[in-house]
Each structure stands twice: as C-alpha cells, then as structure tokens.
Amino acid sequence: MRIEKPRGTRDFLPDEMWGRDLIEKRISSTIENYGYRKILIPTFERSELFMLKSGKEIQQHMYIFRDKGGRELCLRPEATASVCRMFAEELRAEQKPVKVYYSCPMFRYEEPQKGRYREFWQIGIELIGPKGPESDAEVIDIAAMSLKSIGLKFKLEVGHLGILRGLMQDLGINREVQNGVISAIDRGQRDRAEKLVKDRIFFDLVDMKGDKRVIGRVTKLIRGHTHSLKALEEFKEILSYLDLMEVDYSINLGIARGLEYYTGMVFEIRVDGLGAQNQICGGGRYDNLIGLFSGLDVPAVGFAFGFDRIIDAVREQDIRVPERRIDLVVAPVSNEVREEAIKIASRFRGRCSVEVDLMNRKLGKILEYASRINAKYTIIVGPRELKKGLVVLRDMNSGSQKEIGMDEIREIL
Ligand code: AMP
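Residues numbered from 1 in each chain as written. Predicted model: local features only at pLDDT ≥ 70, side-chain atom pairs only at ≥ 80, totals over all residues. Heavy atoms only, no water.

### Brief notes about the overall build of the chain
- In terms of helices and strands, the chain carries 17 helices and 17 strands.
- For the chain, whose C-alpha radius of gyration is 28 Å, the value lies well above the compact-globule estimate of 22 Å for 413 residues.
- Taking the principal axes of the C-alpha coordinates as reference, the chain spans close to 95 × 55 × 45 Å.
- In the chain, once contacts between residues fewer than 6 apart in sequence are set aside, the share between residues at least 24 apart is 67%.
- When the accessible surface of the chain is totalled, it reaches about 20,800 Å², and 49% of it is carbon and sulfur.
- Computing the positive centroid from 68 side-chain charges and the negative centroid from 63, the chain places the two 2 Å apart. (Helix = DSSP H or I, 4+ residues; strand = E, 2+ residues; numbered from the N terminus. Rg over C-alpha atoms; globule rule 2.2 N^0.38 Å. Contact = heavy atoms within 4.5 Å. Areas by Shrake-Rupley, 256 points an atom, 1.4 Å probe, with all protein chains shown as cover. Lys, Arg positive; Asp, Glu negative; His and termini not counted. Charge placed at Lys NZ, Arg CZ, Asp CG, Glu CD.)

### Notes on helix H4 (residues 80-91)
- The end-to-end C-alpha distance of H4 is 14 Å, clearly below the 16 Å that 12 residues give at a rise of 1.5 Å each.
- By the criterion of burial, H4 is predominantly enclosed, with 10 of the 12 residues buried.
- Of all the positions in H4, only Thr-80, Ala-81, Ser-82, Val-83, Cys-84, Arg-85, Met-86, Phe-87, Ala-88 and Leu-91 are classed as buried.
- If you follow the buried residues of H4, they end up packed against strand E2 (44-46), helix H2 (48-51), strand E5 (98-107), strand E6 (119-128) and helix H12 (289-294). (Expected span 1.5 Å × (residues − 1). Buried < 20%, exposed > 50% of the residue type's maximum accessible area, 1.4 Å probe, protein only.)

### Description of the sheet that holds strand E14 (residues 354-356)
- Spatially, E14-E13-E15-E16-E17 is the arrangement adopted by the 5 strands of the open sheet, whose pairing is mixed. In this open sheet, the two strands that pair with only one neighbour each are E14 and strand E17 (401-404). Pairwise comparison of adjacent strand axes, ignoring direction, gives a mean angle of 25 degrees for this sheet.
- Bridge count between strand E13 (residues 328-332) and strand E15 (residues 377-381): 5 bridges; the pairing is parallel. Across the sheet, residue Leu-328 finds its bridge partner in E15, namely Tyr-377. (Pairing = 2+ DSSP bridges. Axes fitted to C-alpha atoms, helices over the stretch in contact; angles between N-to-C directions.)

### Comments concerning the environment of Gly-284
- Checked against the element boundaries, Gly-284 lands in strand E11 (residues 279-285).
- Taking relative accessible area as the criterion, Gly-284 reaches 0% and is therefore assigned buried.
- Measuring from C-alpha to C-alpha, the distance between Gly-284 and Phe-202 comes to 21 Å, with 82 residues separating the pair along the chain.
- Once you skip the residues sitting within four places of it in the chain, Gly-284 turns out to touch Tyr-262, Met-265, Val-266, Phe-267, Val-301 and Gly-302.

### Overview of the site of the ligand
- In the vicinity of the ligand, 15 residues are found, and the nearest of them are Arg-108, Glu-110, Tyr-117, Arg-257 and Gln-279.
- Within the side chain of Glu-110, a nitrogen or oxygen atom sits 2.6 Å from a nitrogen atom of the ligand.
- Within the backbone of Gln-279, one N or O atom sits 2.6 Å away from an oxygen atom of the ligand.
- In isolation the ligand offers 490 Å² of accessible surface; the protein chains occlude 92% of this area.
- Elements with a minimum of two residues in the shell around the ligand: E6, E11 and strand E12 (300-306).
- With 3 residues, E11 is the single largest residue contributor to the shell around the ligand. (Near = heavy atom within 4 Å. Polar contact = N/O pair within 3.5 Å; in protein donor to acceptor, adjacent residues only side chain to side chain.)

### Things to note about unusual backbone geometry
- Here the residue pair Lys-96 and Pro-97 is connected by a cis peptide bond, since its omega of 0 degrees sits within 30 degrees of zero.
- Following the sequence through the fold, Pro-97 ends up in the loop between H4 and E5.
- Even without a glycine there, the phi angle at Asn-360 is positive, about 55 degrees.
- Relative to the helices and strands, Asn-360 is located in the loop between E14 and helix H15 (363-372).
- Residue Asn-360 is classed as exposed on the basis of its relative accessible area, which comes to 52%.
- Positioned with a positive phi, Asn-374 is a non-glycine residue whose angle comes to about 70 degrees.
- Its place among the elements puts Asn-374 in the loop between H15 and E15.

### Some points on the packing of helix H1 (residues 14-32) against helix H13 (residues 307-316)
- Packing of H1 against H13 brings their axes to within 11 Å, and their N-to-C directions diverge by 105 degrees. One finds that H1 runs roughly perpendicular with respect to H13. Contacts between H1 and H13 involve Glu-16, Arg-20, Ile-23, Glu-24 and Ile-27 on the former and, on the latter, Phe-307, Asp-308, Ile-310, Ile-311, Val-314 and Arg-315.
- Split by residue class, the contact of H1 with H13 holds 6 nonpolar, no polar and 5 charged. (Parallel < 35°, antiparallel > 145°, perpendicular 65-115°, else oblique. Nonpolar A, V, L, I, M, F, W, Y, C, P; charged D, E, K, R; others polar.)

### Describing the side chain of Arg-338
- Structurally, Arg-338 is set in helix H14 (residues 338-349).
- The exposure class of Arg-338 is buried, given its relative accessible area of 18%.
- Dropping the residues within four chain positions of it, Arg-338 is found in contact with Pro-332, Asp-357 and Asn-360.

Okay, here's the thing in structure tokens:
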C-alpha cells in the first residue's frame, strides 16, 4: 500500500534542510542582534483566538477540529494572535519593550501552487510596548537587514492604514464598513470597495505610489481631513527614521493587508521572479489587538517572513549557500584495527564532525564514500602504522597523504 503525503505539505531532504537551516540562522542572528528573544507558541490553539481579528481571509482557511473533550481547536494559521495571547497570559509584567521572534510552521487550507502551501514556515518578530515612529522604522529595518544578511535583492513598500481609515472616518464611514473596504482592497476587489465608498478622493489616496514626492500630493489631496492628516504626520516621521537608517523603500498607500488587526504603518516586501506568490514579508502596527485579549492598552508592531518563499528567492537569485562538509572520515583498513578506529573517531568528535566506517567496506570504497559526502580529510588506520603510533592522513581535496601522529592531526584540524 502506498501512502502519499497530504496535499500542500512537503518532505525536506537533507541537502535542502542544510540550506534552509543556514539561511534561517542568518536571519535569526540578525534579529537577535536587535535584542529579540526566541519564543515558541503551540501548534494548535482554541480557534476563537483567530476569530476575533485575524481577518476573513485567514478564518476561511483554518484547519479546525474538535478534540476528545469537544473543544474547538485549530492548527495555528499565523502567530501574531498567539503572541498577543501569550503576552496577556505570561509576559504582561515584563519590562517593555518586549521583543520576541518565532520561526515555525503555519497551516492554512489554501489551494496549493508554487509558493503557496498548506504547511509553510514563517519567521516573524513582534515588538510590544513602544508606540513611537522610531519603533515602526526599526521593525522595517530589521526585515531589510535580515534579507540583506542573506544577500537577497528585494523591493520594500510602506503604507499606512491610519491614513486610509482616518479618511474614511472623516467621510463618516463606520468601522465595520471600513474593515470591508480594507479587506476588498487587499484582495484587489476594487468594485466591491467602490460599492462601499462613493468618494473618489479615497481611491485617489489608495492609488498614491512612488518615492517621497508622493507625500506632497497626499497632503494636498486630504487637505481638511483631520484624522487622515494626523496619521500622515506620523507616517512622515516613520519615513524620516527610515532615511536615517538608510533603508530603501517606496511608498504605496494601497497596501491594505488582509489581517484585520493592523491600525497604522503597514509594509510588504516582494522579490522578482517568483510569479504571483512574490510577497516574502508582510507586517505592520497593531495597537488594539493586545487590548482585545487582556484589556491592557499595549501597542505593538511586527512582521512575518514567508520563509519558503525566501528560500525560493535565494534559488531564483542564484545565491550560493556554502556546501555541507564533514571534517573527517576514519577508515580502518581491516577488522583488527576497527576498535582503534572507533576510539580515534570518538577522540576527535569533541572538536569537529567525524564519521567512522559503519558498512565494513574496503579502503577504496570508504575513500569513495568520503569524497561523495564531501569530507575534508580521511584518517586511514592500519596495523603497520599503528605499531609506530601513527596513522595516515589523506587530504580529500588534493588526494595527498602522509603518515602522521595524532597530535599533529589535531593541529591541522
Ligand atoms: P500573512 O501572515 O498572511 O501576512 O503572510 C506573511 C507571509 O507569509 C507572506 O508574505 C507570505 O510570504 C507567507 N505566506 C502566507 N501564506 C502562505 C502560504 N500558504 N504558503 C507559503 N507562504 C505563505
């Protein structure tokens, strides 16, 4: 009987995992350099956690099931709601800012295609506590620096939902309808949005894109609309901090984001060459979500990388990832020196990666294996050399070999 893996899931073979791990480590270490600490959230949560604010797009795609106690649970479709729950339950007494990051799979029942899976990995950060524009800018900077650390070329666009929502408020549109409009814009459903908002000025605002010169046009467009103008002021401050941090960006006020909890700055990062699924990062400010879970008025801002798409982009942009190498293979030439070979392998394992022959192969075959796994050196253990207290060290790159004492090997390795 042949059983296949579920649709939208993948097996990651050793070579691929090696590359994924290296890239993940570079991103995590960049994030940690800004003072973030790693957390892990449960794989499943009470499904109501995501019903509050995660947005229809996510709710429709949740894996929901009942446990034996009849509770309705779901596989986590995203992390921000869980982190807010965690903050309310366990971290509320901590000194602010609370800076945390995660790297784990998410689950969404979507139509699988290139760059879209039912199980996919996100690396994300949440910065909890600060409200000022410099914290929005720092979060964007972390995303940009993480991608630079792996040598990726990308395009970063920043928008601000406060400007769009502020204008709708100034136009007398209520919060419920605002959510519908934002979600329609996020899905590219312009006609649906136009049924909800009649004023042309709103769509002129949504269409504002480009470099900093856009700001002048926006200021003119929303003149007299106080809530929107107030958000624009904050947006301008965020942009000046981004300039200070030398982050390359363009402005796009049409960024809406499907997750309903965003309240202010929003940003997206895209790369060329991945077709329709080219968005590798999305994030923004969500000042009311923690309040929803805790009653505490705690602002927050964060982002999530789509890690699988980052890996696709690394491949697409031909970025070389260092190959996996084993430092040492220990090869006994006969059974009588096998125990000695195992002892030698154990001695070196504290300081480097070592394999010892486990297949009872002849020397020639062990050397073939060693070059196939890309070993740097092979120690050939033979009875004649052992009597002199020596072994043979073979450099697998050059093929040269010499008799040598253990202390000298230690120095070479
Ligand atoms: P979101 O949580 O929807 O804001 O998504 C954040 C990032 O996760 C996106 O920018 C994508 O890169 C990635 N992502 C979202 N859904 C999927 C999926 N089904 N498969 C792969 N990556 C995804």
